[in-house]
Amino acid sequence: MAPFQMELPDGVTIAPVIVSSDKTQLTRFAGDKQAWPVYLSIGNIDKKTHRQPSARAMVLIGYIPISKLECFSKKTRSLEGYQLFHECMCTLLKPLIDAGTNGVDMLCADGFIRTIYPILASYIADYPEQCLVACCKESACPRCIVNPKERGTRLFSNSRDPANTICILGEKANGENPLEFDDHSLRAVNPFWADLPHCNIFTSITPDILHQLHKGVFKDHISSWATESTEGGEDEVDARFQSMSPHPSLRHFKRGISLTTQWTRTEHKNMEKVFLTVLAGATNPAVIRAVRGVLDFIYHAHFETHTDESLGLLDAAWLTFHDNKHIFEDLKIRKHFNISKLHNIKHYIDTIRSHGTADGFNTEGTECLHIDLAKMGYKATNKKEFIKQMTIWLRHQESIQQFCLYLQWAVPGYTAEISKNDGEVGEDEEEDEEEDEEEDEVNAVAAGDEVMESYTVAKKPVLRNVLVTSIVSDYGATDFLQHLSSFIDMEPLAGNVAPSTASTFDLYKQVQFVLPPIPEVTSEPTPDVVHATRAAPAMITSQGIKWAIPGQFSTVLVQESPSIAAGGPLSSKPQTSQCRSFISLTVLSLGLRIAQVWVIFKLPAEFSQYNHPLTYVHWYTPLGRTPNDLDTNMFTISRSSHNHHQRASIIPVAKIIWSCHLAPKFGCKIPNTWTSSTVLDDATRFFLNPYLHHHDFFLL
Amino acid sequence: MDPAFHNVRALLKRIDALPDRPNWTCTSFQVQGDVVDANGTLKTEDVELWHRNPVECIKELLGNPAFKGKQFYAPKRVYRNADGTNREYSEMWTGDWWWFMQVCDGQLFEMGTNS
């Protein structure tokens, strides 16, 4: 059903102003060179454009001075710092007062002139700066007047009211001592937002997923509490992380987690992906439920499109945490939950309803800008009175970029050679590691007929003429021939020759899939790779030692049409690739099954005319309708066998939905023989990990 | 090698000739502290705020042809179903803030140019 929309009559046009500030280090090592840039953007531009640092939808509008304020005694220094910040912001945003009251005629990108009323709608900052902006103490909440001692509860508390706050601050400035001043945990400054029209600064303060959820709630609190609650403590958790089954999009913690001291956001996210499966079995069920509540909340908070329904789930996840958090008190790990980060979570739903989803207010965006605008600018200076030089540098950069855009528009076929610095530092690191250099990916083509295929393989199979005996012994595809014959029998275009032990096949090392865009998850297609490569032993060559590469045999989600599922996987017959295009996500879970891919190959023409790549898979037991492990809320499965014989079959690549992650069920103590590369063979029971991608989370 | 510019200055001069962007200005503040210096007067410190006009910047963001088709000028309420019980929230213009600002505060604004 197409969503229907209600629209307002035209009249005035509002430009919701998004301001973001973040103090940052300009140099990587040497100490005190700092800058405090302030960025501005408007809510009229869509989030996708906002997210591309190269689109320059965020403009640098100022550098707040940084001073150690040595002319003040230590006692007053921090309060004066607050006041200085507000005075600077006041000067900076002054033009918005008149424009927001009377409107300014502006030419818009679509060619119309509108009277624009720019109004401060959102202020993106990390927690200390949020408090700075809201003029409150850092033990308080910048949005509401919750008692600092009650931050761990779900109690309702009144929002802060701007007019009231200005009034209290005004009385305080006049030497009076209003009661509310302490009740509201305020700090005596003259706020910059006092004169901004139609501005409620407190509701403008938006959640900060990176610092609050990933770093704050998950890493600093929940993960350490949960680790403490396990029987084996850190050692056990480390061992479990070390022997976690691999997946291309998963970072493997080779040394466990307790030794890691410098955490990046990618590491947080990777830890979240497997944390629940690591804990499962090792600790109290209530701890598992509490952790699941937090993880579900974090994953839901990342949704790019929310509905009333999914917001309900978001709330339910948070409730799960609160229902189970008592366990940390029972186990004497925590005495209280009066932590501002836990409290702030309460405001997520309100913000999403009023300002749109949280991905639009991520501080990760400004951190990219720092690199682009501030740090690169600093490098170009002679490090003395650098702010002034940085502004000049920036003006030059912007002029050039603007002119390039103009040229691209004015001169057809002109492409500017500007180095685009997208500032995605650290994000791609581990993907590079996993990349298979030998693969001829440039030439990969979509092997499609009339329907646009959703998978790509290398143009030519990488491994040529591999004997059946090698497939059986090196790839573990024990009953390869038997399953191949049954596949060919079902195939209408069967050739006249039957495959034998002497036949050879061309093998692929990997297939690439594209995860379909789901509005909740992402609007852009995401790549996904399924591997089937055998292990390579270590070799000593003239170029140095080549380390042994463990074999990679991906586990995948396979679509079985429901009617066929009843007859068992062996009877599944090939279908045209079209079935993939019509996956309806709601019924998807009914016909889904997990398999491990051992061989990806092309059927030689003499056996059959079937021209899509095929895979030899081992099946796992069917998924139930709902997750069967209640504490973790995950599906558990094991290898599917028939008369002590592994169930296997040959299926077309097109039936694979995407790769998935099976995490071994470690039980209460991890067997010490398990290692990451063999755990998929050693373990007997597995969790289907829903936290791998946001796609998996949405689906499972 | 025949470089297109004689020296850096010539290049920068050409860049400066490109259409202007919102200009940077510097406002300095004198902060008076509460610590007394050797002369018996209160210490002061000068700080510089580099800034540019946010309204000009907004003008440029709105007018940037690169954002054509990526801009929205009015709030919307989007529903997943026809009876309007499952509302969708994603971009800022789907949220309540903009909606209420336009509806409740709409009277506060003078009716402007209607494109």
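Residues numbered from 1 in each chain as written. Chains lettered and ligands numbered in written order. Predicted model: local features only at pLDDT ≥ 70, side-chain atom pairs only at ≥ 80, totals over all residues. Heavy atoms only, no water.

## A word on the overall build of chain A
Note the cut-off: Helical segments are the DSSP runs of H or I of at least four residues, strand segments are the runs of E of at least two, and each set is numbered from the N terminus. Under the scheme applied here, a residue whose accessible area is under 20% of the maximum for its type counts as buried, over 50% as exposed, and between as partly exposed, the area being computed with a 1.4 Å probe on protein chains only. Contacts are assigned to residue pairs that have any heavy atoms within 4.5 Å of one another. Where accessible areas are quoted, they stem from the Shrake-Rupley method and a 1.4 Å probe; at the residue level, only the protein chains shown are allowed to cover.
Looking only at helices and strands, chain A features 24 helices and 27 strands. Classification of the 700 residues of chain A by burial places 54% in the buried group. In chain A, of all internal contacts separated by at least 6 residues, the share reaching a separation of at least 24 is 70%. As presented, chain A carries roughly 30700 Å² of accessible surface, and 53% of it is formed by carbon and sulfur atoms.

## Description of empty space enclosed by the protein
Counted only if it meets this: Only protein atoms enter the 1 Å grid used here. Points where a 1.4 Å probe fits but cannot escape make up a cavity, open sets with protein on both sides within 12 Å along at least five of seven lines make up a pocket, and a residue lines them when an atom lies within 4 Å of a point. Grid points are joined across faces, edges and corners, and a volume is the space filled by probe spheres set on the points. Note on residue classes: Ala, Val, Leu, Ile, Met, Phe, Trp, Tyr, Cys and Pro are nonpolar, Asp, Glu, Lys and Arg are charged, and everything else, Gly too, is polar.
What the rule picks out here adds up to six cavities of 30 Å³ or more. Volume-wise, the largest cavity comes out at about 180 Å³. Lining the largest cavity are 16 residues; nearest its centre among them are R56 and Q402 of chain A together with R21, E60 and N64 of chain B. In terms of residue class, the lining of the largest cavity is made up of nine nonpolar, three polar and four charged.

## As for unusual backbone geometry
Residues and elements named next belong to chain A. In this structure, S185 takes a positive phi of about 50° despite not being glycine. By the secondary structure assignment, S185 is in the loop between α5 (180-183) and α6 (201-204). Judged by its relative accessible area of 7%, S185 is buried. Positive phi, close to 60°, is recorded for K332, a residue that is not glycine. By the secondary structure assignment, K332 is in the loop between α12 (326-330) and α13 (340-344). With relative accessibility at 71%, the residue K332 sits in the exposed group.

## Some thoughts on the sheet that holds strand β27 (residues 685-688) of chain A
Residues and elements named next belong to chain A. We apply this condition: Strand pairing follows a simple DSSP-based rule, namely that at least 2 bridges must link the two strands. Helix axes are fitted only over the stretch in contact, all axes being lines through C-alpha atoms; the angle between N-to-C directions runs from 0 to 180 degrees.
Sheet architecture is open: three strands sit in the order β21-β27-β26, paired in antiparallel fashion. Of all strands in the sheet, those with a lone pairing partner are β21 (635-638) and β26 (662-664), marking the two edges. Averaged over neighbouring strand pairs, the angle between their axes works out to 40° when direction is ignored. Pairing between β26 and β27: three bridges, direction antiparallel. Opposite P664, over in β27, you have F686 as the bridge partner.

## Re the pattern of salt bridges
Heads up, the condition is: A carboxyl oxygen of Asp or Glu within 4 Å of a side-chain nitrogen of Lys or Arg is what we treat as a salt bridge.
Inspection of every chain in the model, using the stated rule, returns 13 salt bridges over all chains. A salt bridge links E398 of chain A to R52 of chain B, with the nearest nitrogen and oxygen atoms 2.8 Å apart. On the criterion of chain membership, the pair formed by E398 of chain A in helix α16 (residues 386-410) and R52 of chain B in the loop between β2 (42-51) and α2 (54-63) is interchain, its members lying in two chains. Accessibility expressed as a relative area gives 1% for R52 of chain B, which makes it buried. E88 of chain B serves as the salt-bridge partner of R80 of chain B, at 2.6 Å between the closest nitrogen and oxygen.

## Some details on the confidence of the model for chain A
All names here are of chain A. In plain terms, the rule: Known as pLDDT, the predictor's per-residue confidence is scaled from 0 to 100.
With 86% of its residues at a pLDDT of 70 or more, chain A has an overall mean of 78. Contacts for the low-pLDDT stretch residues 419-452, under 50 throughout, to residues beyond four places or in other chains number 53 contacts. Considering only residues more than four positions removed or in separate chains, one finds that residues 562-587, a stretch of pLDDT under 50, has 47 contacts.

## Thoughts on the interface of chain A and chain B
The cut-off we apply is this: Buried surface area refers to the total accessible area, computed with a probe of radius 1.4 Å, that the two partners give up upon joining, counted for both partners together. N or O atoms closer than or at 3.5 Å make up a polar contact, with two conditions inside protein: a donor-capable atom paired with an acceptor-capable one, and, for residues adjacent in sequence, both atoms drawn from side chains.
Taken residue by residue, the interface counts 99 residues in chain A and 77 residues in chain B. Across the chain A to chain B interface the summed buried area is about 8200 Å²; carbon plus sulfur atoms make up 65%. When the shortest N-O distance is used, the salt bridge between R395 of chain A and D16 of chain B registers 3.2 Å. Counting across the interface, chain A meets chain B through 27 residue pairs in polar contact (both at pLDDT 80 or more). Among the elements that make up the side of chain A that touches chain B, the one with the highest residue count is α16 of chain A (twelve residues). Bridging between strand β9 (residues 306-307) of chain A and strand β4 (residues 87-89) of chain B involves two bridges; their strand directions are antiparallel. Paired with H306 of chain A across the bridge in β4 of chain B is Y89 of chain B.

## A few points about the packing of aromatic side chains
Aromatic ring pairs are described here by two measures, namely the spacing of the ring centres and the angle between the planes. Residues and elements named next belong to chain A. Keep this limit in mind: Ring geometry is summarised as follows: Phe, Tyr and Trp rings, the Trp one being its six-membered ring, pair when their centres sit within 6.5 Å, and such pairs are stacked at plane angles under 30 degrees, edge-to-face over 60 and tilted between the two.
For the structure shown, the criterion picks out 28 aromatic pairs over all chains. Note on F303 and F697: the rings are 6.4 Å apart at their centroids and 70° apart in plane angle, and the pair reads as edge-to-face. Pair noted here: F303 is in the loop between α10 (285-301) and β9 and F697 is in helix α24 (residues 694-699), with a separation of 394 residues, a long-range link. With centroids separated by 5.7 Å and ring planes inclined at 90°, the aromatic side chains of Y620 and F686 adopt a geometry described as edge-to-face. Of this pair, Y620 sits in the loop between β20 (614-619) and β21 while F686 sits in strand β27, placing them 66 residues apart in sequence. This pair shows no difference in class: Y620 is buried, exactly as F686 is.

## What about the pairing of strand β1 (residues 25-36) of chain B?
Residue and element names in this part refer to chain B. Of the pairings in the sheet, the one linking β1 to β2 comprises nine bridges and is antiparallel in character. Bridging from a neighbouring strand, S28 pairs with E48 of β2. As consecutive antiparallel partners, β1 and β2 are separated by five residues, and within that stretch G40 has a phi angle of approximately 85°, a positive value.

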